Amino acid sequence: MSLRLANFVTIRLLQDNFPLLLVPQCRERHTKHWDPKWKSLRRQKVMKVDLPKFREKPEDLTEDQMRAKLKEHGLLPPRPWVEKPFFISSTGGIFEPYVPPEGDGKISPIHMQGAKQKLQFLEKKSKTMMAIRKIRMFEEEFDTTAFCKEAEEIYVKMHELMAKKDWENITDYVTERAYPEVIHNVENKTIHWKFIKNIELPRVVHARCTDVITKENVFGQTTVRFHTQQMLAVYDRFGRLMHGSEIIAKDVLEYIVFEKHLANVYGKWRIQGKIIPDWLPPKQPSETTYIKPVEETPPTLPAEVPPEEKEISKESSP
C-alpha cells in the first residue's frame, strides 16, 4: 500500500515539474473493421418487421382506412365484378323444326298423296340448301351423303352407350339439352338394343342455321330421316319384360336432329333431339312393377270371459 502511494506521488511530482515529459498510457483496442463495405448492414443489428394484424377484419375498417392500407401495399382497389362467364355449347331447342308428312314410310310415291309429299319437299328445299351452303362456309368438306354415314354411326353409338348406361362417354354423342331426355326413366332397368339393317338409306331432309348472342356465334342443325329395323327389349329391376322383344324385330321411322357449334373449331355433330309428329298416335306407357307389400296379421288377443261367468266362478270358489 505504501509502495503504490509512493509511486503515485513520484509520478505526480514529475508531471508538475516537467510538463513536456511523456508518460506512457495504455492503448485502446481497435474495434473497427478493416473493410467498410458492410458498414451500413452492420449498423442494422435489429430490423423492425411490421407484423400484420391478424385479428383485424376488413368489415370493421372504414373506406379511408381501407384505401390507406391498399395504398400502403401498392394495390389498386378491387372492381366489382358482376358478370358471370358461361360457355354455350348447344342451343336450348330445335329451331324451325321439320314437319314430317303424314303417312311417311307407308305411302308409295306413285300414289297421289305420296306425289304431293314429294312436291312439298321440293318447295321447302331452298331454305335447306341455303343452310347447307352456310355450313360449308365453316366446314368446307361437308357433304350430305358422307354426313348421313357419320350420323348413322352417332345414332348407333348413342343407343349402345344408353343400353350400357355409360353416362360419361355419351356426352360425346348427345348435347346438353338432350342428355336429360336420354337418361330419363332408365334407372333400375336393363335395356337390350340392336341395330339390324337400314330399310331405306338415311337422308338429310331439313337443315337450318342460327346465331346466338353475336352474329359470329353460329349453330347448325340438320334433320336426318332414319328408316331402320331394330330390336329393343326393356326389363325391369326384377327381370320382367316391360317393353319390346329380343326375338321380334320392328321397323322404326325416326327424324333425328343433329347439331354442331359451327363457330367452334373443335365442335362436332351431336344428337339434339327427336321430332315426333302431331299426327302420330300416342304410345301406350309401359306397366311399372313394384314389390308386393307383405300383409301383417294382427296378433290374436285372448277371449274375454263374460261377467256372468266371472260371478259364478266366484261363488263356486271355497
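Residues numbered from 1 in each chain as written. Predicted model: local features only at pLDDT ≥ 70, side-chain atom pairs only at ≥ 80, totals over all residues. Heavy atoms only, no water.

J.: I'd love a proper account of the packing of aromatic side chains, names of residues and values included.
T.: Under the counting rule described, the total for this entry stands at nine aromatic pairs. A ring pair is formed by Phe-142 and Phe-147, whose centres lie 5.4 Å apart and whose planes are at 45°; its orientation type is tilted. For the pair shown, Phe-142 and Phe-147 are each scored as buried. Plain terms: the ring middles of Phe-147 and Phe-258 are 6.0 Å apart, the flat faces sit at 85° to each other, and that makes the pair edge-to-face. Pair noted here: Phe-147 is in helix H6 (residues 144–164) and Phe-258 is in strand S4 (residues 250–261), with a separation of 111 residues, a long-range link. Of the residues examined, Phe-258 reaches a relative accessible area of 0% and is grouped as buried. Here the aromatic residues Phe-142, Phe-147, Tyr-155, Trp-193, Phe-195, Phe-226, Phe-258 and Trp-269 are joined through ring pairs into a cluster of three or more. (Phe/Tyr/Trp six-rings, centres within 6.5 Å; stacked < 30°, edge-to-face > 60°. Buried < 20%, exposed > 50% of the residue type's maximum accessible area, 1.4 Å probe, protein only. Helix = DSSP H or I, 4+ residues; strand = E, 2+ residues; numbered from the N terminus.)

J.: Could you give me a rundown of the pattern of salt bridges, with the residues and numbers involved?
T.: Within this structure, the stated rule accounts for ten salt bridges. With a closest N to O distance of 3.2 Å, Arg-270 and Glu-176 form a salt bridge. One end of the pair, Arg-270, is in strand S5 (residues 270–275); the other, Glu-176, is in the loop between H6 and helix H7 (179–183), with 94 residues separating them in the sequence. For Arg-270, a relative accessible area of 10% corresponds to the buried category. (Salt bridge = Lys/Arg side-chain N within 4 Å of Asp/Glu carboxyl O.)

J.: Break down a nonpolar patch on the surface for me, citing the residues and quoting the values.
T.: Together, Ile-276, Trp-279 and Leu-280 line one region of the surface with nonpolar side chains, adding up to about 290 Å² of accessible area. For Trp-279, the position within the fold is in the loop between S5 and helix H8 (307–316). On the basis of relative accessible area, Trp-279 is assigned to the partly exposed category, the value being 33%. (Patch = residues over 30% accessible without salt bridge, like charges linked within 9 Å, V, L, I, M, F, W, Y side chains within 5 Å. Areas by Shrake-Rupley, 256 points an atom, 1.4 Å probe, with all protein chains shown as cover.)

J.: Describe helix H5 (residues 125–138), listing the residues and the values that go with them.
T.: A rise of 1.5 Å per residue sets the reference length of H5, with its 14 residues, at 20 Å; its end C-alpha atoms lie 21 Å apart and thus fit the reference within 8%. For H5, every residue scored as buried is listed here: Thr-128, Ala-131, Ile-132 and Ile-135. Along H5, the residues classed as buried sweep out an arc of 105° about the axis, all on the same side. Exposed and facing more than 90 degrees away from the buried side of H5 are Met-130, Arg-133 and Met-137. (Expected span 1.5 Å × (residues − 1). Arc of directions from axis to C-beta.)

J.: Give a detailed account of the side chain of Thr-228, specifying residues and quantitative values.
T.: Along the chain, Thr-228 turns up in strand S2 (residues 218–235). Among the residues examined, Thr-228 registers a relative accessible area of 1% and is labelled buried. Within polar-contact distance, the side chain of Thr-228 engages the side chain of Gln-230 at 2.9 Å. Setting aside anything within four residues of it in sequence, one finds Thr-228 in contact with Phe-195, Lys-197, Asn-198, Ile-199, Lys-250, Asp-251 and Val-252. (Polar contact = N/O pair within 3.5 Å; in protein donor to acceptor, adjacent residues only side chain to side chain. Contact = heavy atoms within 4.5 Å.)

J.: Now, about the confidence of the model for the chain: what can you tell me, with residues and values included?
T.: The predicted coordinates ought not to be read in detail in places where the model reports low pLDDT. When pLDDT is averaged across the chain, the result is 81; 79% of the residues are at 70 or more. Considering each helix and strand of the chain separately, the mean pLDDT is smallest for H8, with a value of 55, and largest for H6, with 94. (pLDDT = per-residue confidence, 0-100.)

J.: Describe the side chain of Glu-254, listing the residues and the values that go with them.
T.: Within the element layout of this structure, Glu-254 appears in strand S4. Exposure remark for Glu-254: the relative accessible area of 10% places this residue in the buried category. Of the polar contacts made by the side chain of Glu-254, one reaches the side chain of Tyr-155; its length is 2.3 Å. In this structure the side chain of Glu-254 is engaged in a polar contact, spanning 2.7 Å, whose partner is the side chain of Lys-274.

J.: Explain the pairing of S2 to me, using residue names and the numbers behind them.
T.: The element S2 is largely enclosed, with a buried count of 17 among its 18 residues. Turn length for the strand S1 (residues 190–211)-S2 hairpin, with the two strands adjacent in sequence and antiparallel, is six residues, and the turn residue Ile-213 shows positive phi of about 70°. With antiparallel pairing between neighbouring strands as the criterion, S2 and strand S3 (residues 241–244) make up a hairpin whose turn holds five residues, including Gly-239 at a positive phi of roughly 85°. (Pairing = 2+ DSSP bridges.)

J.: Could you give an account of the nonpolar core, with specific residues and numbers?
T.: Ranked by size, the top nonpolar core spans 28 residues in total, and within it Phe-147 and Phe-258 carry the most contacts. Looking at this core, the elements that each hand over two or more residues are H5, H6, S1, S2 and S4. The greatest single-element share of this core, amounting to nine residues, is contributed by H6. Discounting residues that sit within four places of it in the chain, Phe-258 has contacts with Phe-147, Ala-151, Ile-154, Gly-220, Gln-221, Thr-222, Val-224, Phe-226, Trp-269, Arg-270, Ile-271 and Gln-272. The next biggest cluster of nonpolar side chains, apart from the first, holds five residues, and it includes Tyr-98, Val-205, Tyr-255 and Val-257. (Core = buried A, V, L, I, M, F, W, Y, C linked by side-chain atoms within 4.5 Å.)

J.: Outline H6, listing residues and values.
T.: For an α-helix, 3.6 residues make a turn, and residues three or four places apart therefore share a direction. Given a rise of 1.5 Å per residue, 21 residues ought to cover 30 Å, and the 30 Å separating the end C-alpha atoms of H6 matches this to within 8%. Every buried residue of H6 is accounted for by Phe-147, Cys-148, Ala-151, Glu-152, Ile-154, Tyr-155, Val-156, Met-158, His-159, Leu-161 and Met-162. The elements touched by buried residues of H6 are H7, S1, S2, S4 and S5. Positive backbone phi, at 60°, marks Lys-165, one or two positions downstream of H6.

J.: Which residues make up the environment of Pro-101, and what values do they have?
T.: Within the fold, Pro-101 resides in the loop between helix H3 (63–73) and helix H4 (112–123). Separated by 176 residues in the primary sequence, Pro-101 and Pro-277 have C-alpha atoms spaced 8.4 Å apart.

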